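Summary of structural features
Residues per chain, in single letters:
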There are 2 protein chains.
Amino acid sequence: MAGYKIIFLCTLLSAVGPFCDGLNNGLALTPPMGWLAWERFRCNVDCKNDPHNCIGEVLFLEMAEKMASGGFRDAGYEYIILDDCWMNMTRDSNGFLIADPERFPSGIPFLSDYIHSVGLKFGIYEDIGTKTCGGYPGIEGYEKQDMQTFADWGVDYVKLDGCYKDPNTFPQSYPQVGAYMNQTGRPMVYSCSWPAYISGGNNTVPWQDIADSCNLWRNYDDIQDSYASLTEIVAWFAQEQDLLIPVAGPGNWNDPDMLLVGDFGLSYDQQKTQMAIWSILAAPLIMSTDLRTLEPQYRRILLNRNVIAVNQDKLGIQGRQIITSKDKGVEVWTRPITPTAKSGNTIVYSYAVAIWNKRDDGTPYPFSNPISQYGLTSKSGYFLRDLYTNQDYGFFLPTDLLTVKVNPSGVIFFKATPVIADR
Amino acid sequence: MAGYKIIFLCTLLSAVGPFCDGLNNGLALTPPMGWLAWERFRCNVDCKNDPHNCIGEVLFLEMAEKMASGGFRDAGYEYIILDDCWMNMTRDSNGFLIADPERFPSGIPFLSDYIHSVGLKFGIYEDIGTKTCGGYPGIEGYEKQDMQTFADWGVDYVKLDGCYKDPNTFPQSYPQVGAYMNQTGRPMVYSCSWPAYISGGNNTVPWQDIADSCNLWRNYDDIQDSYASLTEIVAWFAQEQDLLIPVAGPGNWNDPDMLLVGDFGLSYDQQKTQMAIWSILAAPLIMSTDLRTLEPQYRRILLNRNVIAVNQDKLGIQGRQIITSKDKGVEVWTRPITPTAKSGNTIVYSYAVAIWNKRDDGTPYPFSNPISQYGLTSKSGYFLRDLYTNQDYGFFLPTDLLTVKVNPSGVIFFKATPVIADR
């Protein structure tokens, strides 16, 4: 809930001094949802041979069109975001950033206008160092000018990477850029890669400072198109959860990186797993798939209203791993969500519960526990409903046994609503 | 080609002595194709709560029906094979094996008859030791009796596992059982797990002895429902290929274990990868999926006639890895197949070529080589045709560059037919 407090304080104090030069934008009250080019399209600049898949305006115009017409916008996916490799290799003679003129012949303002015209918002990528990771111009030395350029272009979201910069400067440099963003007067979501460059090994990460400065932050390694990458990232989130959960809340989100749904490396069940765990984690839901060729069964995962509702729950409490896979190979993750009720002075939450079978021994695994094991301890009991199948499991007291069969590498994902809640 | 020679010798010598007590059955002239319960259904004996998925006659009757009606039989899938856990925990009072009477109330002969009645063949599982891996009665001390039982039951295929037996006895015990099988007079394909119990570490495996005694043999660890398991097995096959290729041929097949196509752990592209590599390896095509609920896109992979034709190529030459992934993350596998031509005294083969992108960096990887790099060196050139898409690539000389884009964890799989071959 840190985000709420900061915004509130900033509203009070914004007239009286520089106290809130950092994040003070009132944005991202739920985890951002959108589409980002990187995981699926990388730094493909070969527009001559691959005009529809290279990093150029055709790709982004087509994705924006599909986001709007394919039901994604209406489901809450809102930002179309450029990643690395959109720029010209040098700034113009006045030091301004420009897009690659061959790949973006109509220019960035045109792209931004088109994206806005179909009811979406526009995100852009830059890097806090001298160069982007791909070797394009970074913002170092041009911080204020570039943020003003982005504001002039109608940018709504800035992903700021951390290559070619000493991470020891991040505690100053990332907040400074955020202040420049605020000074433009244009609301822009601020996605920082700050922790991703320091979170390995035994480093201490200043999570609260990061949350004070950024709307979302890439905590850990880039996700790759494989179940191995997905499981490694989630394992890290489990390991660090006691540090990560307190800094998440409306306006501030831990970011385990993009969804792989619809891509090449995950099975159908694994795709449902990622969507469920990302919803438990209150993670940004940033797709990176080819919306033009997306198969219907994967589209249904991305558009699942029940699962999105968990992700976007207005309480903004990040969930946690409550049972590890060490014993039976099955992990359980839960997240407190609305609706809530009061029992005396205690808040009784609803919960989203994901039961993830990390075993690979081929057959659905029967997993059985009294629901109290999942933190469902309200004595009046709960109604349980499957979020993927819409199946009602019925009414359960805390001591009642719930038996589910979980597909290998898949999840069972359900919502438990306390009977005493105002449903 | 070892299998042909042995069979020929045995035909000559069978009247004059015990020389051919081992394999002499004339079976499996191409890699066996069928369906085996284990990978997908394991040792689920809970028929009370899970009557359609437990190891019981319902499961096998339903699979046989789907094999026949769903196009699998007509595509070449022929054997329906029981795995572990079909037996009663004890033999009958005369020492005969019996099926679990609750799970197989109609008995094994009934099941065998039904399978035969729909035009399929019937396979069974046992273990060469005192117990099966799941703890059911093994054949030790009953070898001859049990093989006669199987023959009496109309068994066409025996998978003989290696739990609860000293592997040092395998060079005697596996051939001995094969001799008993032959003595029944009923042709039964002999699948040995002999090498799987000794092929780890630095052990020397007597591959030729195994090939002399068995139609197919499980070389390495059990496959699990994951891309990690698949890639580990294939890496082992690449590492050992110079030992494995010489012993494969009509009647004798290395067995990297079951297909995971249609199951939970592989993506669509990964499923196509397995089917392609298994075809290159001249591996048995043994499905282990729920044919009752198989999605159409996965069914199409299993029924792909082009890919099956590579697997079943009558030359029976096992293919090999010719480019490792160490350099660019892309592996290339090729297999010599029909049609062939003669150029002077040299045989010019057609080839199946699989280009496997083992990278996980999200976007199709452009891979480019003159086709001579794939062993396609016939100076008159080749016609290239994609085996999954049926797309004609056209005519290529050995020096001509072929550029393909390969999906992450997927393959491009094509056939190259020499121009001079009698197509």
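Definitions and limits used
- Residues numbered from 1 in each chain as written.
- Chains lettered and ligands numbered in written order.
- Predicted model: local features only at pLDDT ≥ 70, side-chain atom pairs only at ≥ 80, totals over all residues.
- Heavy atoms only, no water.
- Contact = heavy atoms within 4.5 Å.
- Buried area = accessible area lost by both parts, 1.4 Å probe.
- Salt bridge = Lys/Arg side-chain N within 4 Å of Asp/Glu carboxyl O.
- Polar contact = N/O pair within 3.5 Å; in protein donor to acceptor, adjacent residues only side chain to side chain.
- Helix = DSSP H or I, 4+ residues; strand = E, 2+ residues; numbered from the N terminus.
- Nonpolar A, V, L, I, M, F, W, Y, C, P; charged D, E, K, R; others polar.
- Least-squares fit on C-alpha atoms with pLDDT ≥ 70 in both.
- Pairing = 2+ DSSP bridges.
- Axes fitted to C-alpha atoms, helices over the stretch in contact; angles between N-to-C directions.
- Patch = residues over 30% accessible without salt bridge, like charges linked within 9 Å, V, L, I, M, F, W, Y side chains within 5 Å.
- Areas by Shrake-Rupley, 256 points an atom, 1.4 Å probe, with all protein chains shown as cover.
- UniProt positions renumbered as here; feature names shortened; annotations may be inferred.
- Phe/Tyr/Trp six-rings, centres within 6.5 Å; stacked < 30°, edge-to-face > 60°.
- Buried < 20%, exposed > 50% of the residue type's maximum accessible area, 1.4 Å probe, protein only.

1. Brief notes about the interface of chain B and chain A
At the interface, 27 residues of chain B touch 27 residues of chain A. For the chain B and chain A pair, buried surface summed over both sides reaches about 1,900 Å², with 46% attributable to carbon and sulfur atoms. Summed over the three residues of chain B that lose the most area to chain A, namely Phe264, Asp360 and Gly362 of chain B, the buried surface amounts to 31% of that side. The interface formed by chain B and chain A holds two salt bridges in total. Put simply, Lys405 of chain A and Asp50 of chain B hold a salt bridge, and the shortest N to O gap is 2.6 Å. At the boundary of chain B with chain A, the tally comes to 14 residue pairs in polar contact (both at pLDDT 80 or more). Of all the secondary-structure elements, those providing two or more residues to the side of chain B that touches chain A are helix H2 (38-41), helix H11 (268-280) and helix H12 (296-302) of chain B. Here the residues of the side of chain B that touches chain A sort into seven nonpolar, 11 polar and nine charged.

2. Re the relation of the copies chain B and chain A
When chain B is brought onto chain A, the operation consists of a screw motion whose angular component is 180° and whose axial shift is 0.0 Å, with 0.0 Å RMSD remaining. One copy is carried onto the other by what is essentially a two-fold rotation axis. Judged by C-alpha distance, Ser267 of chain B is the residue of chain B that lies nearest the rotation axis, at 1.9 Å. The residues that chain B uses at the interface reappear at the interface of chain A in 100% of cases, marking a shared surface.

3. Quick look at the sheet that holds strand E4 (residues 157-161) of chain B
Residue and element names in this part refer to chain B. Read from one edge of the open sheet, eight strands run E7-E6-E5-E4-E3-E2-E1-E8, paired in parallel fashion. What marks the edges here is a single partner per strand, and that holds for strand E7 (253-255) and strand E8 (285-287). Across the sheet, the mean angle from the axis of one strand to that of its neighbour is 25°, orientation sign disregarded. One ladder, built from five bridges, connects strand E3 (residues 121-127) with E4; its direction is parallel. Bridge assignment links Tyr125 to a residue of E4, and that residue is Lys159. Of the strands in this sheet, strand E1 (33-36), strand E2 (79-81) and E8 are in contact with helix H3 (residues 57-69), which crosses E2 at around 165°. Against the sheet, helix H7 (residues 170-183) engages E4 and strand E5 (189-192), with an angle of about 165° to E5.

4. Quick look at a nonpolar patch on the surface
The grouping of Phe383, Phe395 and Leu397 of chain A at the surface amounts to a nonpolar patch, some 250 Å² of accessible area in total. Relative to the assigned elements, Phe383 of chain A resides in strand E13 (residues 382-386).

5. A few points about the UniProt feature "domain: Alpha galactosidase A C-terminal" (unreviewed entry) in chain A
Within this numbering scheme, the UniProt entry marks residues 316-410 of chain A as carrying the feature "domain: Alpha galactosidase A C-terminal" (unreviewed entry). Between the first and last C-alpha atoms of residues 316-410 of chain A the distance is 25 Å; the span itself is 0% helix and 55% strand.

6. Comments concerning the sheet that holds strand E16 (residues 411-418) of chain A
Residue and element names in this part refer to chain A. Taken in spatial order, the six strands of this open sheet run E9-E10-E11-E16-E13-E14, and their pairing is antiparallel. Each edge of the open sheet carries a strand with a single partner, namely strand E9 (320-323) and strand E14 (392-396). Neighbour-to-neighbour, the strand axes of the sheet open up by a mean angle of 30°, direction not taken into account. Across the sheet, helix H9 (residues 227-239) is in contact with E9, strand E10 (330-343) and strand E11 (346-357); its angle to E11 comes to roughly 150°. Against the sheet, helix H11 (residues 268-280) engages E9, E10, E11 and E16, with an angle of about 155° to E11.

7. Describing the packing of aromatic side chains
Think of a pair of aromatic rings as described by two things: how far the centres are apart, and how the planes are tilted against each other in angle. Residue and element names in this part refer to chain A. This structure, assessed with the given rule, holds 38 aromatic pairs over all chains. For the pair Tyr174 and Tyr190, a centre-to-centre distance of 6.4 Å together with 40° between the ring planes defines the contact as tilted. Of this pair, Tyr174 sits in helix H7 (residues 170-183) while Tyr190 is found in strand E5 (residues 189-192), placing the two residues 16 residues apart along the sequence. Taken as a pair, Tyr174 and Tyr190 share a single burial class, namely buried. Where Trp236 meets Phe237, the ring centres are 5.3 Å apart and the plane angle is 75°; that geometry is what we call edge-to-face. Of the two residues, Trp236 and Phe237, neither departs from the other in class, the shared state being buried.

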